[in-house]
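# Topology and contacts: notes
In case you want the letters, here they are:
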2 protein chains.
Amino acid sequence: MTTSIKHRVIIETTAEQLFTALSTGNGVASWWAPTKATDNLSKGDQLDILFGPNGEHVVGMQVIESNPSQSVVWKCVSGPWENTDCFSFDIEADPLGVALTFENSGWQAQDDFYAHCNAKWGFFLAVSLKNLLEIGSGQAHPMDPNI
Amino acid sequence: MTTSIKHRVIIETTAEQLFTALSTGNGVASWWAPTKATDNLSKGDQLDILFGPNGEHVVGMQVIESNPSQSVVWKCVSGPWENTDCFSFDIEADPLGVALTFENSGWQAQDDFYAHCNAKWGFFLAVSLKNLLEIGSGQAHPMDPNI
């Protein structure tokens, strides 16, 4: 029996714009953390995320699925989330714009690291990604709260 | 088998100041949402939280435990979280200040409402409560992100 980190946020944007923020290196770097990739991320591509003040902690994600305006799925192939399952982003229409459901499944327990990552995802999705798409600027790592 | 909303955040403050923000009506109103109570909340006290643009949605919480500088536990007695178990806030020392672990247990499933509330708690704890204690101002409802 495993558990997930799961969030759902309403964003006043279009499915196309949200998908771009999730499926390009520059998009991901604008709300989550610096990336090595800059352009379109297709199925099978590697997405290296650079954490730490100087980007010294490289986390490798692989794009497992990418369905324009609908969904993106990543798997962590190297780094602290290797032992979890996928990271999925599902986009649905909403009266205010779009509803994004995020799930990082396969956690063994709701331990301290889970609770830390869960709070961080709340910030990145409800604040950084939402602000990027609604007002034009996110708050990507290392500008995220030091929690 | 139930699941929890669980977050952990580091805040650069003291256990005493964090406890005050969790155990007074004015404190809770400064980072979560307006309250009817203003002063100290002791075990057994009712804490009415006012949601909606004009505070028209009253959610009743009851203080189940209150241990100065250590922990606070609430139970929702009327409102949308009646069917969940407690809301617990546990304070521990951390090299940077304090570590706050929040848990709202007793959710039947990680459904859309769970995922919405989870994102909101991420904001209220990692941004609003943290900023209240570190820079002096929170972002309580209805100034929270419309997600």
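Because the structure is predicted, anything quoted here is derived from the model rather than measured.

Right, let's get into the overall build of chain A. Tallying secondary structure elements over chain A gives 3 helices and 6 strands in all. N-terminal to C-terminal, the α/β element order of chain A is β-α-α-β-β-β-β-β-α. What you see for chain A is a C-alpha radius of gyration of 14 Å, in line with the 15 Å of a compact globule of 147 residues. By principal-axis analysis of the C-alpha atoms, chain A measures approximately 35 × 35 × 30 Å. Across the 147 residues of chain A, 54% fall into the buried class. Counting contacts in chain A only where the partners sit at least 6 residues apart, residues at least 24 apart contribute 46% of the total.

Residues and elements named next belong to chain A. Strand order in the open sheet made by the 6 strands is β1-β6-β5-β4-β3-β2, with antiparallel pairing throughout. The sheet is open, and its two edges are formed by β1 (3-11) and β2 (46-51), each paired on a single side. Averaged over all pairs of adjacent strands, the angle between their axes in this sheet comes to 25°, without regard to strand direction. As defined by bridge partners, strand β5 (residues 86-94) adjoins strand β6 (residues 97-107) across 8 bridges and the pair is classed as antiparallel.

Before going further, it helps to spend a moment on the relation of the copies chain B and chain A. Superposition record for chain B on chain A: RMSD 0.0 Å, screw rotation 180°, translation along axis 0.0 Å. Accordingly, the operation relating the two chain copies is best matched by a two-fold axis. No C-alpha of chain B lies nearer the rotation axis than that of B:Gly122, which sits 2.2 Å from it. Same-surface contact between copies: 100% of interface residues of chain B are shared with the interface of chain A.

Bringing the pairing of β1(A) into the picture now. Successive residues of a regular strand alternate their side chains across the two faces of the sheet. Residue and element names in this part refer to chain A. Across the 9 residues of β1, 9 count as buried, placing the element largely inside the fold. In β1, alternate side chains face the same way, and those of Thr3, Ile5, His7, Val9 and Ile11 on one face and Ser4, Lys6, Arg8 and Ile10 on the other are all buried. Both β1 and β6 contribute to a ladder of 8 bridges, which runs antiparallel. Bridge pairing in β6 places Ile11 opposite Val98.

The next subject is the packing of aromatic side chains. Residue and element names in this part refer to chain B. If you walk through the whole model with that rule in mind, you get 38 aromatic pairs over all chains. Ring centres 6.0 Å apart and planes at 75° place the aromatic pair Trp81 and Phe87 in the edge-to-face group. Its relative accessible area of 9% is what places Trp81 among the buried residues.

Next up on the list: the side chain of B:Gln110. As for its placement among the helices and strands, B:Gln110 is situated in the loop between β6 (97-107) and α3 (112-135). Polar side-chain contacts of B:Gln110 include one of 2.9 Å to the backbone oxygen of A:Ser4. Once you skip the residues sitting within four places of it in the chain, B:Gln110 turns out to touch A:Thr3, A:Ser4, A:Lys6, A:Gln110, A:Tyr114 and B:Thr3.

The rules we used
Residues numbered from 1 in each chain as written. Chains lettered and ligands numbered in written order. Predicted model: local features only at pLDDT ≥ 70, side-chain atom pairs only at ≥ 80, totals over all residues. Heavy atoms only, no water. Helix = DSSP H or I, 4+ residues; strand = E, 2+ residues; numbered from the N terminus. Rg over C-alpha atoms; globule rule 2.2 N^0.38 Å. Buried < 20%, exposed > 50% of the residue type's maximum accessible area, 1.4 Å probe, protein only. Contact = heavy atoms within 4.5 Å. Pairing = 2+ DSSP bridges. Axes fitted to C-alpha atoms, helices over the stretch in contact; angles between N-to-C directions. Least-squares fit on C-alpha atoms with pLDDT ≥ 70 in both. Phe/Tyr/Trp six-rings, centres within 6.5 Å; stacked < 30°, edge-to-face > 60°. Polar contact = N/O pair within 3.5 Å; in protein donor to acceptor, adjacent residues only side chain to side chain.

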